[in-house]
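Notes for the structure review
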Amino acid sequence: MPNYPHTINSKLPKVKTTIFTTVGKMAKKYDAINLSQGFPNFDPDPKLLDLVSKAMHEGHNQYAHMAGLPKLREVIATKIATLHHREYDPEREITVTVGATEAIFTAITAFVAKGDEVIVFKPAYDCYEPAVEVNGGIPIYIQLEGDFKVDWSAFREKLTPKTKMVIINTPHNPSGTILSKEDMLELQKSLVGTNIIVISDEVYEHIVFDGRIHESASRFDDLASRSFVCSSFGKTFHVTGWKVGYCAAPAELMHEFRKTHQFNVFSVDHPVQHALATYLQEPQHYLGLNDFYQEKRDFFLNALKGSRFTVVPSQGTYFQLLGYAPITEEGDVDFAKRLIVEHQLASIPISVFNVADLDNKVLRFCFAKTRETLEKATEILRNL
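Below is a summary of the structure that appears in this document. (Residues numbered from 1 in each chain as written. Predicted model: local features only at pLDDT ≥ 70, side-chain atom pairs only at ≥ 80, totals over all residues. Heavy atoms only, no water.)

So, on to the pairing of strand E8 (residues 245-248). Burial along E8 is two-sided: Gly245 and Cys247 facing one way and Tyr246 and Ala248 facing the other are all buried. As paired strands, strand E2 (residues 94-97) and E8 are joined by four bridges and run antiparallel to one another. Bridging across to E8, Val96 finds its partner in Tyr246. Here strand E7 (residues 227-232) pairs with E8 via four bridges, running antiparallel. From the neighbouring strand, Ser232 faces E8, where its bridge partner is Gly245. (Buried < 20%, exposed > 50% of the residue type's maximum accessible area, 1.4 Å probe, protein only. Helix = DSSP H or I, 4+ residues; strand = E, 2+ residues; numbered from the N terminus. Pairing = 2+ DSSP bridges.)

See below:
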């Protein structure tokens, strides 16, 4: 095949192969235990699979409603009202999306124009910045330090007349921390009197530990009035490959959101929506997730006792950070690669999510795995 003969002016010239792809390929090459990418290695509830099969055999195989199956939007609205005491109109204020990533990309595309500033807290999941940049926006970074706490005074100093949007993520990937009620009130106070839009990435909303409460943006009046709350059924129900999520926002914001959504994906997997509409009617299917994953987190951490890693227990998500400074002075990318090659264990280095690749010698491990997998992984880690 001859080289492409034309000049390409890339809209994302700085984007390279993601760390997830790099680590995934290495893990496969060296047959490593994969605690890097955030997906479970166990099966979802057979009841949910049966419901999808039932929906397909009942003929729900053509396009779904553009905004999502009405009965699914209704049950989502009920869930939010029950958990967070916020009423969303399922007809005008909730949209079913192709995972939370599409919801985030669509919200950014619908509102961010050339020169608009979007505040991003780092380390950050890697889908935010490319979506801002491809739409001509300018990411404005706030680097979270070792405890991953937000300095709200520093945040307010970043606000300018050009600030169009703020992206928050709680529970937070990759750190496993959560934003407290006090944090959310600080954010709300900081934005009062502005037209700044908030994207609240809440894909791990049902995975919080030690009796903590997930403080959704929908719980706070002014925040809710300016926020897109984005979530993921894939994360909640162990089916990340289905790529189905949802977004809730005030009607005026959602009206603009749907203009972009309809010409991007138009609609979302129809039989899966029918299955979820039924499955969500039993709240324990998502309310039991905190205990389910806390047991895995606790098993992982208990199995690490006696290792040389430094640990602050994850507050939420199914990720755990491990500090390795007592073990080696290597950079986190180099150490992560060596773990794969020499010890057959894959993790994610955190520096790739930081401003200027700030390296605090921390790796991220996913504990959404079977006990057998976690036993093998922790045995390797204890011996380092």
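After that view of the structure, there is still more to cover.
Take the nonpolar core next. Residues Leu72, Ile76, Phe121, Phe155, Phe233 and Phe237 are the most contacted members of the largest nonpolar core, which totals 60 residues. Core analysis: the next-biggest nonpolar cluster, separate from the first, contains 34 residues, Val203, Phe319, Ala336 and Leu381 among them. (Core = buried A, V, L, I, M, F, W, Y, C linked by side-chain atoms within 4.5 Å.)

The subject of this paragraph is the environment of Met184. You can see Met184 is positioned in helix H7 (residues 181-191). Classification of Met184 by relative accessible area gives buried; the value is 0%. Residue contacts for Met184: discarding those within four places in its chain leaves Ile168, Leu179, Glu215, Ser216, Ala217, Phe220 and Leu223. (Contact = heavy atoms within 4.5 Å.)

A few words on empty space enclosed by the protein. Applying the stated criterion across every chain yields a total of two cavities of 30 Å³ or more. Looking at the largest cavity, its volume works out to about 50 Å³. Taken together, Lys79, Ile80, His84, Tyr88, Glu202, Glu205, Ser216, Ser218, Val229, Ser231 and Tyr246 make up the lining of the largest cavity. Where the lining of the largest cavity is concerned, the elements lending two or more residues are helix H3 (70-84) and E7. Of all the elements, H3 adds the most residues to the lining of the largest cavity, at three residues. Of the residues belonging to the lining of the largest cavity, the class tally is four nonpolar, four polar and three charged. The volume enclosed by the second largest cavity comes to roughly 30 Å³. Lining the second largest cavity are Lys79, Glu205, His206, Ser232, Phe233, Thr236, Phe237, Leu280 and Tyr286. (1 Å grid on protein atoms, 1.4 Å probe; cavity = no way out; pocket = protein on both sides within 12 Å on 5 of 7 lines; lining within 4 Å. Points joined across faces, edges and corners; volume = space filled by probe spheres on them. Nonpolar A, V, L, I, M, F, W, Y, C, P; charged D, E, K, R; others polar.)

This part takes up the sheet that holds strand E6 (residues 197-201). To summarise the sheet geometry, strands pair through backbone hydrogen bonds and adopt either a parallel or an antiparallel arrangement. Sheet architecture is open: seven strands sit in the order E2-E8-E7-E6-E5-E3-E4, paired in mixed fashion. Only two strands of the sheet have a single neighbouring strand rather than two, namely E2 and strand E4 (138-143). Along the sheet, successive strands turn relative to each other by an average axial angle of 20 degrees, direction set aside. Pairing of strand E3 (residues 117-122) with strand E5 (residues 163-169) involves four bridges; the strand directions are parallel. Opposite Glu117, over in E5, you have Thr163 as the bridge partner. Contacts from H3 reach E2 and E8, with the element oriented near 115 degrees to E2. (Axes fitted to C-alpha atoms, helices over the stretch in contact; angles between N-to-C directions.)

Before going further, it helps to examine the sheet that holds strand E13 (residues 362-366). Strand order in the open sheet formed by four strands is E9-E10-E13-E12, with antiparallel pairing between adjacent strands. Each of the sheet's edge strands pairs with one partner strand only, and the pair in question is strand E9 (310-311) and strand E12 (348-349). Together, E9, strand E10 (319-323) and E13 form the strand contacts of helix H13 (residues 289-303), whose direction differs from that of E10 by roughly 20 degrees.

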